[in-house]
Amino acid sequence: MALSSRRIRLIIRGAVQGVGFRPFVYRLASELGLTGWVLNSAQGVFIEVEGAAETLQQFVQRVETDKPPRAFIQSLEQTVLDPVGYTAFEIRHSEESGEKSVLILPDIATCPDCLREVFDPADRRYLYPFTNCTNCGPRYSIIESLPYDRPNTTMKAFAMCPKCREEYENPLDRRFHAQPNACPECGPHLELWDGEGVCLAKHHDALFRAAEAIREGHIVAVKGLGGFHLVVDACHDAAVRRLRERKRREEKPFALMYPSLQMVKAHCVVDEAEERVLRSPESPIVLLRRKEADSVAPSVAPNNPYLGVMLPYTPLHHLLLRELGFPIVATSGNLSDEPICTDEHEALHRLAGIADLFLVHNRPIARHVDDSVVRVLLGRELVLRRARGYAPLPVLVKEPLPPLLAVGAHLKNTIALSVGRQVFLSQHIGDLETPQALQAFRHVIADVKELWGHQPQAVACDMHPDYLSTQAAHGMGLPVRPVQHHVAHILSCMAENEVEPPLLGVSWDGTGYGTDGTIWGGEFLIIREQGWERFAHLRPFRLPGGDRAIKEPRRCALGVLYEMLGDDAFELLEQVFTEGERRLLRQSLRQGVNAPITTSAGRLFDAVASLTGLRQVVNFEGQAAMELEFLTHDVHTDETYPFSLCEGTPPHMLDWSPTIQAVLQDIQEGVSPSLIAARFHNTLVEMMVVVARAAGIDRVALSGGCFQNAYLTGRAVRRLGEEGFRPYWHQRVPPNDGGIALGQMVGAARG
Ligand code: ZN
Ligand code: ZN
Ligand code: FE
């Protein structure tokens, strides 16, 4: 087994059974000299192949491009794993036994066949926005109960016309048992409403007039697949700024939908892996490096070198974008952080004052499903928000689990439930900060429990007593199993990479409740067969103002400097606080009142962002750290700052004060913020290397919100690899708190 060899697991779902798919996979793997196996199961076609990374990439590409003519891929899950040393390639016998739990597919982007029909003037579905077939269309967003049959979907109110019925009943037809099958005769239709809900136009005329309004700079709420989008012309700066004001969203980037891949490539740098994800059945928002020449309005993504881009994924979006011919902002239809709106009557209230017009339809949405967000890192998918196209596909764990429910964390909440070896992760729910979000959280729990007929024996939650999710867990009348936040991050990363203990987990994020009651966030945890140990952590400092420090990086800077210099810290920060503020802050720090202790790596990032003058106050969580990452784009250096590992009895402490000292010196000497940012990132990575050496464990898992940072993660993976460690990072489960529920599940099951 060569050192550079890898194992890839593919789980392919769709029309891949009984169409010669397994022999095709066998031939392809043999031709490329790959070892492993292919297997049919009730959950789809499973493939494991082992070989050199490049050959594996070729294999995945050719599975898609060379597949048998009648095969259609609805979902392709790819996970990179450690090699196990297969010596040949074989077709394994179908798994008849195993868990027969029902598979609920995610919503699938429009297939090429349906697309052709929609744009064919001779076809009976010409310009029909709800065209779908067995290979594509809504699934999770329309299912009300199981089994997946039309009467159990939100299509139940639409009686199929004779032509549709014929397709539906003909085993040779592409629409055989396509539950949402519909046509202009019998299916849902579009309407354009004004703010009062008065219908202004129907059918294609509604779409045509909505397009006209968008072209004129108006904001149109569009009811899509899993909820409403708010849509404006992405090149119309005044319109985009109006949307920001009305939605009360100051600077957080807006997602875009482009008419074509070609136009995406004109505006952004797109590599092969990114192109594959953009065009995949999952069709998520992909973070792409923008080109200088993009014509997108500055207010779409201020100070951001990335654009969040997706391609149309329903016929409705295809028709609208074809009509417009330019990219649109397609942001979730909600007010700031509330959950996405799914019902047109509700939309009239909730989006009143934001949208000028409403392009709606009468196919109900059974549950909200936001657009997923993906970034390609080191050639692999890194899911940052897991929803449409991914939810509710399960993560497979090694041992069967008892029926458990995990309620997730506080921010970017998702929940999970276990059925045998499968852990179903819910779609993104959001930050549990508004009554609407909390309601959505309760609703999703009730929903998934009913959908899977799930009776949990116990409920896993965070240790934070104030999280609304924790409180909800305690109100369920079930045994509660709290799992420490940063342990859950690492267990989540281990589960999706199928790594066993012992392992060193680098768990870095903004905030998590520690077992000592302080705020953790710069943790090195050793996970053992039995239990875990806090092996090391960043040097603690105080956060004056507590949660306000999340919004104000300058408070993080003050906390860091106060830890190093005491009262002298205030002199260094004279510019960024008023005299009154300084007086209050001094009091709070001296007395340790409303200034909780933290080891947070995220807040250390904020502190450095503040010191370099990048940003003193942020508009959304993580903004300063993100901007510090962006600065590294212009620099190529391996330089680092000093730091020290204070070893005693564990937990050891990583002292960043020499680092901050050096940062201050660089600032004084006028070193560019970009270079400071790169040196700082490099230093953090060396801290990981040094702790990994001290721990003497060769497997290292990277998890927590900090590992959304591509520079940090990419460099950590490289450096740990160079030093002989085996790094693991996230792929299809978010490294941020969106992945916590999976870790809680595993933690609770292990006890
Ligand atoms: Zn189709
Ligand atoms: Zn019909
Ligand atoms: Fe976290």
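Conventions and cut-offs
Residues numbered from 1 in each chain as written. Chains lettered and ligands numbered in written order. Predicted model: local features only at pLDDT ≥ 70, side-chain atom pairs only at ≥ 80, totals over all residues. Heavy atoms only, no water. Donors = N, O, S within 2.8 Å, 3.2 Å for Na, K, Ca; no water. Tetrahedral: all angles 85-135°; square planar, octahedral: opposite > 155°, others 65-115°. Helix = DSSP H or I, 4+ residues; strand = E, 2+ residues; numbered from the N terminus. Buried < 20%, exposed > 50% of the residue type's maximum accessible area, 1.4 Å probe, protein only. Domains from an automatic or database assignment. Contact = heavy atoms within 4.5 Å. Buried area = accessible area lost by both parts, 1.4 Å probe. Salt bridge = Lys/Arg side-chain N within 4 Å of Asp/Glu carboxyl O. Polar contact = N/O pair within 3.5 Å; in protein donor to acceptor, adjacent residues only side chain to side chain. Nonpolar A, V, L, I, M, F, W, Y, C, P; charged D, E, K, R; others polar. Core = buried A, V, L, I, M, F, W, Y, C linked by side-chain atoms within 4.5 Å. Expected span 1.5 Å × (residues − 1). Axes fitted to C-alpha atoms, helices over the stretch in contact; angles between N-to-C directions. Parallel < 35°, antiparallel > 145°, perpendicular 65-115°, else oblique. Left-handed = near helix turned anticlockwise from the far one by under 90°. Patch = residues over 30% accessible without salt bridge, like charges linked within 9 Å, V, L, I, M, F, W, Y side chains within 5 Å. Areas by Shrake-Rupley, 256 points an atom, 1.4 Å probe, with all protein chains shown as cover. Lys, Arg positive; Asp, Glu negative; His and termini not counted. Charge placed at Lys NZ, Arg CZ, Asp CG, Glu CD. Pairing = 2+ DSSP bridges.

## So, the coordination of the zinc ion (ligand 1)
Point 1. The protein atoms that coordinate the zinc ion (ligand 1) are Cys111 (SG), Cys114 (SG), Cys133 (SG) and Cys136 (SG), at distances spanning 2.3 to 2.4 Å.
Point 2. Of note is the zinc ion (ligand 1), whose 4 donor atoms meet at the metal with angles of 102 to 121° in an arrangement that counts as tetrahedral.
Point 3. Linear spacing of the donor residues for the zinc ion (ligand 1) on their chain is C-x2-C-x18-C-x2-C. Residue Cys114 is found in helix 3 (residues 112–118), and its partner Cys133 is found in the loop between helix 3 and helix 4 (162–169); the two are separated by 19 residues along the sequence.
Point 4. Take Cys114: its relative accessible area is 0%, and that puts it in the buried class.

## Here we look at the coordination of the iron ion (ligand 3)
Geometry reference: four tetrahedral donors at a metal, ideal angle 109.5 degrees. Six octahedral donors, ideal angles 90 or 180 degrees.
Point 1. Coordination of the iron ion (ligand 3) by the protein comes from His485 (NE2), His489 (NE2), Asp509 (OD) and Asp737 (OD), over a distance range of 2.1 to 2.3 Å.
Point 2. Angles of 87 to 173° at the metal separate the 4 donor atoms of the iron ion (ligand 3), which places the site in the irregular class.
Point 3. For the iron ion (ligand 3), the single-chain donor residues occur in sequence as H-x3-H-x19-D-x227-D. In this pair, His485 is assigned in helix 13 (residues 485–497) and Asp509 in strand 23 (residues 503–513), connecting sequence segments 24 residues apart.
Point 4. Looking at His485, the relative accessible area reads 0%, which means it is buried.
Point 5. Using a relative accessible area of 3% as the deciding quantity, one classes Asp509 as buried.

## A few points about the domain arrangement of the protein chain
Point 1. Taken as a whole, the protein chain is organised into domain 1 (5–91), domain 2 (190–361), domain 3 (388–498 + 738–750) and domain 4 (506–735).
Point 2. Taken residue by residue, the interface counts 7 residues in domain 1 and 4 residues in domain 4.
Point 3. Summed over both partners, the interface of domain 1 with domain 4 buries about 450 Å², with 30% contributed by carbon and sulfur atoms.
Point 4. At the boundary of domain 1 and domain 4, one finds 2 salt bridges.
Point 5. In this structure, Arg726 engages Asp82 in a salt bridge whose closest nitrogen and oxygen atoms are separated by 3.0 Å.
Point 6. At the boundary of domain 1 with domain 4, the tally comes to 4 residue pairs in polar contact (both at pLDDT 80 or more).
Point 7. Split by residue class, the side of domain 1 that touches domain 4 holds 3 nonpolar, 2 polar and 2 charged.

## Focus on the nonpolar core
Point 1. Counting 109 residues, the largest nonpolar core has Trp508 and Ile660 as the members making the most contacts within it.
Point 2. For this core, the element with the most residues is helix 21 (residues 673–695), which contributes 11 residues.
Point 3. Mapping this core onto the domain boundaries places at least three of its residues in each of domain 2 (190–361) and domain 4 (506–735).
Point 4. Here Ile660 is in contact with Val560, Leu561, Met564, Leu604, Val608 and Leu611, once residues within four sequence places are set aside.
Point 5. Counting 43 residues, the second-largest nonpolar core is a separate cluster that includes Val309, Ala347, Phe358 and Val376.

## Here's the deal with helix 13
Given 3.6 residues to a turn, an α-helix orients residues that are three or four positions apart in the same direction.
Point 1. Here helix 13 spans 19 Å end to end across 13 residues, near enough to the 18 Å set by a 1.5 Å rise per residue.
Point 2. Counting buried positions along helix 13 yields 13 of 13 residues, so the element is predominantly enclosed.
Point 3. The N-cap residue of helix 13 is Gln484: its side-chain oxygen and the backbone nitrogen of His486 are 2.8 Å apart.
Point 4. Once helix 13 ends, the next one or two residues include Glu498, with phi positive near 55°.

## Thoughts on the packing of helix 18 (residues 601–611) against helix 19 (residues 623–631)
Point 1. Axis separation between helix 18 and helix 19 bottoms out at 8 Å; the angle between their running directions is 65°. Comparing the axis directions of helix 18 and helix 19 gives the class roughly perpendicular. Of the two possible hands of crossing, helix 18 and helix 19 adopt the one that is left-handed. Contacts between helix 18 and helix 19 involve Phe605, Asp606, Val608 and Ala609 from the first element and Ala624, Ala625 and Leu628 from the second.
Point 2. A per-class count over the contact of helix 18 with helix 19 returns 6 nonpolar, no polar and 1 charged.

## Describing a negative patch on the surface
Point 1. Taken together, the side chains of Asp568, Glu571, Glu574 and Glu579 define an acidic patch exposed on the protein surface.
Point 2. Structurally, the position occupied by Glu574 is in the loop between helix 16 (569–572) and helix 17 (579–591).

## Remarks on the environment of Pro253
Point 1. Within the fold, Pro253 resides in the loop between helix 6 (237–247) and strand 10 (255–257).
Point 2. Along the sequence, Pro253 and Val329 sit 76 residues apart, while their C-alpha atoms lie 9.9 Å from each other.
Point 3. Apart from the residues lying within four places of it in its own chain, the contact partners of Pro253 are Arg244, Val300, Ala301, Asn304 and Phe620.

## Topic: the pairing of strand 9 (residues 228–233)
Consecutive side chains of a regular strand alternate in pointing toward one face of the sheet and then the other.
Point 1. Taken across its 6 residues, strand 9 has 6 buried, putting it largely inside the fold.
Point 2. Across 4 bridges, strand 8 (residues 220–223) lies against strand 9 in antiparallel orientation. Residue pairing across strands places Val222 opposite His229, the latter belonging to strand 9.
Point 3. The turn linking strand 8 back onto strand 9 is made up of 4 residues, and Gly227 within it adopts a positive phi angle of 155°.

## Re the sheet that holds strand 5 (residues 89–91)
Point 1. A sheet is described by the order of its strands in space; here 5 strands give the open sequence 4-1-3-2-5, paired in mixed fashion. Both edges of this open sheet fall to strand 4 (72–81) and strand 5, since each of them pairs with a single strand only. Recorded for the sheet is a direction-independent mean angle of 15° between the axes of neighbouring strands.

## Some points on the sheet that holds strand 20 (residues 416–425)
Point 1. On the basis of which strands lie adjacent, the open sheet formed by 5 strands has the order 18-20-19-21-22 and mixed pairing. Lying at the two open borders of the sheet, with one neighbouring strand each, are strand 18 (394–401) and strand 22 (480–482). Taking the axes of each pair of neighbouring strands and ignoring which way they run, one obtains an average angle of 30° across the sheet.
Point 2. In terms of strand pairing, strand 21 (residues 458–461) meets strand 22 through 3 bridges, oriented parallel. The residue bridging Cys461 from the neighbouring strand is Pro482, located in strand 22.

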